[in-house]
Each structure stands twice: as structure tokens, then as C-alpha cells.
Amino acid sequence: MLQIELNMYQAVAVAALVLLLGRFLVSKIPFLTKYCIPEPVVGGVVYAVVHLILRSAGILEISFDNTLQSFFMTVFFCSVGYTACFRLLKKGGVQVLLFLLVSIIMVALQNGLGAILAGAFHLDPRLGLAVGSIPMVGGHGTAGAFGPVLEEAGVAGANAVAIASATFGLVAGCMIGGPLAYRRIHSLNLKSTETATGSDEITVDKNEVTGAIDSRRFLDSALYLAIAIGAGTIVSLFLNKLMTFPSYIGAMVVAAIIRNIVDATHKDMPMEEISTIGSFSLSLFLGLAMMGLKLWQLAELALPMIVMLAAQTVLMAIFAYFVVFNLLGKNYDAAVMTSGFCGFGMGATPNAMANMQAITAKYGPAPTAYFVVPLVGSLFIDFFNALIITTFMNFL
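Residues numbered from 1 in each chain as written. Predicted model: local features only at pLDDT ≥ 70, side-chain atom pairs only at ≥ 80, totals over all residues. Heavy atoms only, no water.

(A) Geometry of unusual backbone geometry. For His 122, which is not glycine, the phi torsion reads 60° and is therefore positive. Of note in this structure, Lys 330 is not a glycine but carries a positive phi near 55°. Within the secondary structure, Lys 330 sits in the loop between helix 12 (302-327) and helix 13 (332-346). You can call Lys 330 partly exposed: its relative accessible area is 49%. (Helix = DSSP H or I, 4+ residues; strand = E, 2+ residues; numbered from the N terminus. Buried < 20%, exposed > 50% of the residue type's maximum accessible area, 1.4 Å probe, protein only.)

Right, dumping it as C-alpha cells:
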């Protein structure tokens, strides 16, 4: 069998082709657009399937240098750290804090359920994390980051399981979110209290999160990222003396500290540029992560995965329907936030927004939901999720 090893530059070039393939397929297949399946995932699955066929036939096996995969991963999660603005969290009030609280509880429940079920199948309990909050709340980005960490810790097949579970979660989160909100709205006869142009709609000033794009601001954003990543390596050294953390945690912590110091001085930060750099880093990181997906490792884990993913779906439905809805006020906005919770709790924030858009298009605006869900889903939960996953990894 022919074996090819790509250096880090060649690997990035192939990842770029994977992204372009994914973009083309997403533009041509409505199902992929409807459920917000990421372009790198689509292209990466095609690559992984072709690789599986070629390897199984004894024709070709491809390996590659993943140095730049780690680099892009660190850049992305550092950009996530810069979104941890506690001024915005405070501005959001009680609803934001409650939604963040139920999200954190969900993260713990997903990991606990995954670990218990993995143990029931006589598997490494840490493999349960690969069907827990790593792919569910974390999505493909966190799956691609923690999968290799679990494998390095001796959990065979964790990366493939995490990526596959994240893809399942994207679809499942959209499938259950709408019906749950629909049932609450109709059973309690809930109605929107806003008009489409309501003057009292809660909004976030664009300047609170983003700024205008120009070349100097891009340079500033790159410098912010470089400083946080460099200083983060020192922080990681100290943190790893306490327990094992992913390599990017230090960069996230330093970025969060810098963000809130800058906020306290009332100075502007190039958040849109930081987010842009983080986004394209995520795309390339996912492309490389999907290229490393070894589908042949999933065969012996098929039945446990099906059971564990079904259990995660039931857990999300019950928790969202009975806990999230009741805790957030039992009103129309709470019903809409319930659908959003399912979207990002099993997939990603775009899924949450798609769920809420489908509900509000039919039943009316829900301004509080549109403020709370993206604020928590995009800015805060990834930070807390990484810390909770790390804690589980160290104690299982």
C-alpha cells in the first residue's frame, strides 16, 4: 500500500481544498444549508470517506504533519477568550446569568451521562466525554481540539467519535428545538409581547462587540492575539502543575484578562478583526482535523455511540422542556430561548439562531431571546465548557 506523508504546508493546502469542496457542496445541497452543517465538516467527511475506501482497498494511506493544526486551534480559542466580556454579561442582567447557569449545568450533565454510559459499555469513561459536552455544547471546534487530547491520554477513537457526534448534534439540535417550543407555545397559549418594530427591543450596540475593519485594526488584532498566545504558554505551564489542561487554555485565560482590563479603561478593541482571524483559523483547523479523522475506528464503537447519542438527545429535550423553560420565566421569550438552547446545546449558535428564527417568523418577535442566546452561546459558554471538560478529564 502506498503511504504518503504531507508536510505542514502541504497539509494546509489540502485543507484549503477540503474547505472549497465543502463550500461547493453546501451551496448545492439544501439539507446542508438548512441544518447549518459547517463547510469544513462537509468537505472533510468526503475526504475521510475517500481515505477510508482507499485504505480499506490497500491502495493508499495519507498522514500529515499537524503542527499548523495546533497553531490554528490556539489562535481560534484565543479569539474566543477575547469575547469573555463581563461588562456585557452584567449588562444582560438576570436572564443572561440564568441562561449561562443552565448552560453550565447542561455541560456537566452531558459529561456525566456520557461517562456513565461509556462505563456501562465497559469502555473508558473518558470516551463518554467525546459524546458529551465536547461535541454537543462545544461543536466541531471543541471536538477537533479535545479529540486528539483524549487520544494522547490513551482513549482510542476519541477524535473520530467526537467529530461524528458533533455532526449528529447539529442535526438533532435543530430537529428537537422547534417542536419543544411549539408545544409550550400552544399548550400555554403564549404570545409575543413585541411588535416587529418594537421601540423597547433589547439590543447590543455594535460598538460593544465590534468595530470598523481597516488594516491598522487588523494589525492591532494580530498583536493582541500574539501577546495573549505567548503569555498564555507561561500560564499553561503553571496551570498544568495543578491538572492537565489543553494547550490553548492559557491563551484563553490571558485573552479574557486583557479584554476586561481594556474594557475597564474604556478603550476600544478590534473585536471584529479578532473574530475574523479566529473564524478563518477555525475553518483551517477544522479542515485539518477532519483530514485526520480515522473512520475505521468507529466500526467497533457503533452501537455504544448510537445509544449514547440517543441518550444525549433525550437528556437535552427533557432539560430544555422542563428546566430551561420554567427557570427563564414560562413565557413566550422563554419558549423561544428553549428552542435556541437545543440548537447550541447540541450543535452551534447558528443552529440556535435558526431555531429561534423559525419560531419568531411564525409567532412574533422575541427580543430578549435574541439578545440572551447569542450572547451566552457565542461569548461565554465555550470558555466555561473548556474548563469543565478539563476537570472531568482529570478526575475520570
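Next comes the rest of the write-up.
(B) The arrangement of helix 1 (residues 8-28) in detail. Over its 21 residues, helix 1 extends 30 Å from the first C-alpha to the last, a length consistent with the 30 Å expected when each residue adds 1.5 Å. Those residues of helix 1 that are buried are in contact with strand 1 (2-6), helix 2 (30-34), helix 3 (39-56), strand 2 (60-64), helix 4 (67-81) and helix 11 (271-291). (Expected span 1.5 Å × (residues − 1). Contact = heavy atoms within 4.5 Å.)

(C) Molecular detail of the layout of surface pockets. Empty space within the second largest pocket amounts to approximately 310 Å³. If you go around the second largest pocket, you meet 18 residues; those closest to its centre are Phe 64, Met 291, Gly 292, Leu 293 and Lys 294. Looking at the lining of the second largest pocket, the elements with two or more residues in it are strand 2, helix 6 (139-152), helix 7 (158-187) and helix 11. Here the lining of the second largest pocket gets four residues from one element, more than from any other, and that element is strand 2. Residue composition of the lining of the second largest pocket, by class: eight nonpolar, seven polar and three charged. (1 Å grid on protein atoms, 1.4 Å probe; cavity = no way out; pocket = protein on both sides within 12 Å on 5 of 7 lines; lining within 4 Å. Points joined across faces, edges and corners; volume = space filled by probe spheres on them. Nonpolar A, V, L, I, M, F, W, Y, C, P; charged D, E, K, R; others polar.)

(D) Region of interest: the nonpolar core. Ranked by size, the top nonpolar core spans 109 residues in total, and within it Phe 99, Tyr 248 and Phe 341 carry the most contacts. Broken down by element, this core gets its largest block of residues, 13 residues, from helix 15 (residues 367-395). Excluding residues that lie within four positions of it along the chain, Tyr 248 makes contacts with Met 73, Thr 74, Phe 77, Ala 145, Phe 146 and Ala 386. Among the nonpolar cores identified, the runner-up in size contains 14 residues, and Tyr 82, Val 254, Ala 255 and Met 269 belong to it. (Core = buried A, V, L, I, M, F, W, Y, C linked by side-chain atoms within 4.5 Å.)

(E) How the structure looks around the packing of helix 9 (residues 215-239) against helix 10 (residues 249-264). The N-to-C vectors of helix 9 and helix 10 enclose an angle of 125°; their axes lie 6 Å apart at closest approach. Put simply, helix 9 runs oblique to helix 10. The element helix 9 and its partner helix 10 pack so that their crossing is right-handed. Residues Tyr 224, Ile 227, Ala 228, Ile 229, Ala 231, Gly 232, Val 235, Ser 236 and Leu 239 of helix 9 touch helix 10, and the partners they reach there are Ile 249, Gly 250, Ala 251, Val 254, Ala 255, Ile 258 and Val 262. Of the residues assigned to the contact of helix 9 with helix 10, the class counts are 13 nonpolar, three polar and no charged. (Axes fitted to C-alpha atoms, helices over the stretch in contact; angles between N-to-C directions. Parallel < 35°, antiparallel > 145°, perpendicular 65-115°, else oblique. Left-handed = near helix turned anticlockwise from the far one by under 90°.)

(F) How the structure looks around the pattern of salt bridges. The final tally for this structure, using the stated rule, is six salt bridges. Here Glu 39 and Arg 23 are joined by a salt bridge, their closest N and O atoms 3.7 Å apart. Here Glu 39 is found in helix 3, whereas its partner Arg 23 is found in helix 1, with 16 residues between them in sequence. On the basis of relative accessible area, Glu 39 is assigned to the partly exposed category, the value being 30%. Taking the shortest distance from any N to any O, the salt bridge between Asp 263 and Arg 259 comes out at 3.1 Å. A residue pair is termed a helical-turn pair when its members lie 3 or 4 positions apart in one helix, as Asp 263 and Arg 259 do in helix 10 at four residues. Classification of Asp 263 by relative accessible area gives buried; the value is 9%. Residues participating in the shared-partner salt-bridge network are Arg 217, Asp 268 and Glu 273. (Salt bridge = Lys/Arg side-chain N within 4 Å of Asp/Glu carboxyl O.)

(G) Region of the structure containing a nonpolar patch on the surface. Side chains of Val 314, Ile 318, Phe 322, Val 323 and Leu 327 sit close together on the surface and give an oily, nonpolar patch of about 430 Å² of accessible area. For Phe 322, a relative accessible area of 49% gives the class partly exposed. (Patch = residues over 30% accessible without salt bridge, like charges linked within 9 Å, V, L, I, M, F, W, Y side chains within 5 Å. Areas by Shrake-Rupley, 256 points an atom, 1.4 Å probe, with all protein chains shown as cover.)

(H) Up close: helix 14 (residues 349-363). If you check helix 14, its first and last C-alpha atoms are 21 Å apart, about what 15 residues at 1.5 Å a residue would give, namely 21 Å. Just downstream of helix 14, Gly 364 is the residue with a positive phi angle, here 115°.

(I) View of the packing of aromatic side chains. Per the counting criterion, the structure on display carries eleven aromatic pairs. Their ring planes at 10° and their centres at 3.9 Å tell us that Phe 77 and Tyr 248 sit as a pair that is stacked. Of this pair, Phe 77 sits in helix 4 while Tyr 248 sits in the loop between helix 9 and helix 10, placing them 171 residues apart in sequence. Like Tyr 248, Phe 77 is buried. In this structure an aromatic cluster arises from ring pairing among Phe 76, Phe 77, Phe 146 and Tyr 248. In this structure, Arg 55 is placed above the aromatic ring of Trp 296, and the distance from its NZ or CZ to the ring centre is 4.1 Å. Taking NZ or CZ as reference, Arg 184 lies 3.8 Å from the ring centre of Tyr 321, over its face. (Phe/Tyr/Trp six-rings, centres within 6.5 Å; stacked < 30°, edge-to-face > 60°. Lys NZ or Arg CZ within 6 Å of the ring centre and 35° of its normal.)

(J) Representation of the environment of Leu 170 in the model. Note that Leu 170 resides in helix 7. A relative accessible area of 3% means that Leu 170 is categorised as buried. When the C-alpha atoms of Leu 170 and Leu 301 are compared, they prove to be 20 Å apart, with 131 residues separating the residues in sequence.

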